[in-house]
Amino acid sequence: MGTVQDTAGAAVPGVTLTVTNLDSNAARSATSDSAGAYVALNLAPGSYEIVASKYGFKDAKARITLDARRQLRTDLKLELATVGEHAGGDNIPAAAIAK
């Protein structure tokens with residue numbers, strides 16, 4: 001669980017978060033809500049990588065180790081992408097493709 005914010009501290013809704021177990025490569029997805037909050041439930045203990053992606057932003061990544069019977073909060077900050085930089089995941093609006 002955690003929140004996704006931009007560099008100014010504003011919540012970023014609609015961010016796709018992919019939580020991947022580094023040992024098994026099993027992945028789960030979550031989406032941040034209107035307050036930028038997300039939750040990934042029922043994860044087994046282990047090491048994970050969290051990748052937050054949204055069109056117009058650079059991907060944000062974090063690595064965590066989750067212990068048994070413990071909740072871990074991981075907040076992420078997204079930076080705006082500039083022209084020529086990767087602009088986050090596959091969430092590309094149709095209007096951006098049409099240009």
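Everything below is about the structure printed above this text.
S.K.: Explain the pattern of salt bridges to me, please; I cannot follow it from the model alone.
M.R.: Considering all chains together, one arrives at four salt bridges under this definition. For Lys 58, the salt bridge is made with Glu 79, and the minimal N-O distance between the two is 3.5 Å. With a gap of 21 residues between them, Lys 58 in the loop between β5 (46–53) and β6 (60–66) and Glu 79 in the loop between β7 (76–78) and α1 (94–98) connect regions that are remote in the sequence. The salt bridge involving Arg 70 is made with Asp 67; its shortest N-O contact spans 3.6 Å.

S.K.: Help me understand the sheet that holds strand β3 (residues 27–31), please; the structure alone is not making it clear to me.
M.R.: Strand pairing in a sheet relies on backbone hydrogen bonds. The paired strands run either parallel or antiparallel. Spatially, the four strands line up as an open sheet ordered β3-β2-β5-β6, and their pairing is antiparallel. Taken across any chain shown, the strands that pair with only one partner, and hence form the sheet edges, are β3 and β6. Going from strand to strand, the sheet's axes swing by 20° on average, the running direction of each strand aside. Note that β5 and β6 share seven bridges and pair antiparallel. From the neighbouring strand, Ile 50 faces β6, where its bridge partner is Ala 62.

What counts, and at which threshold
- Residues numbered from 1 in each chain as written.
- Predicted model: local features only at pLDDT ≥ 70, side-chain atom pairs only at ≥ 80, totals over all residues.
- Heavy atoms only, no water.
- Salt bridge = Lys/Arg side-chain N within 4 Å of Asp/Glu carboxyl O.
- Helix = DSSP H or I, 4+ residues; strand = E, 2+ residues; numbered from the N terminus.
- Pairing = 2+ DSSP bridges.
- Axes fitted to C-alpha atoms, helices over the stretch in contact; angles between N-to-C directions.

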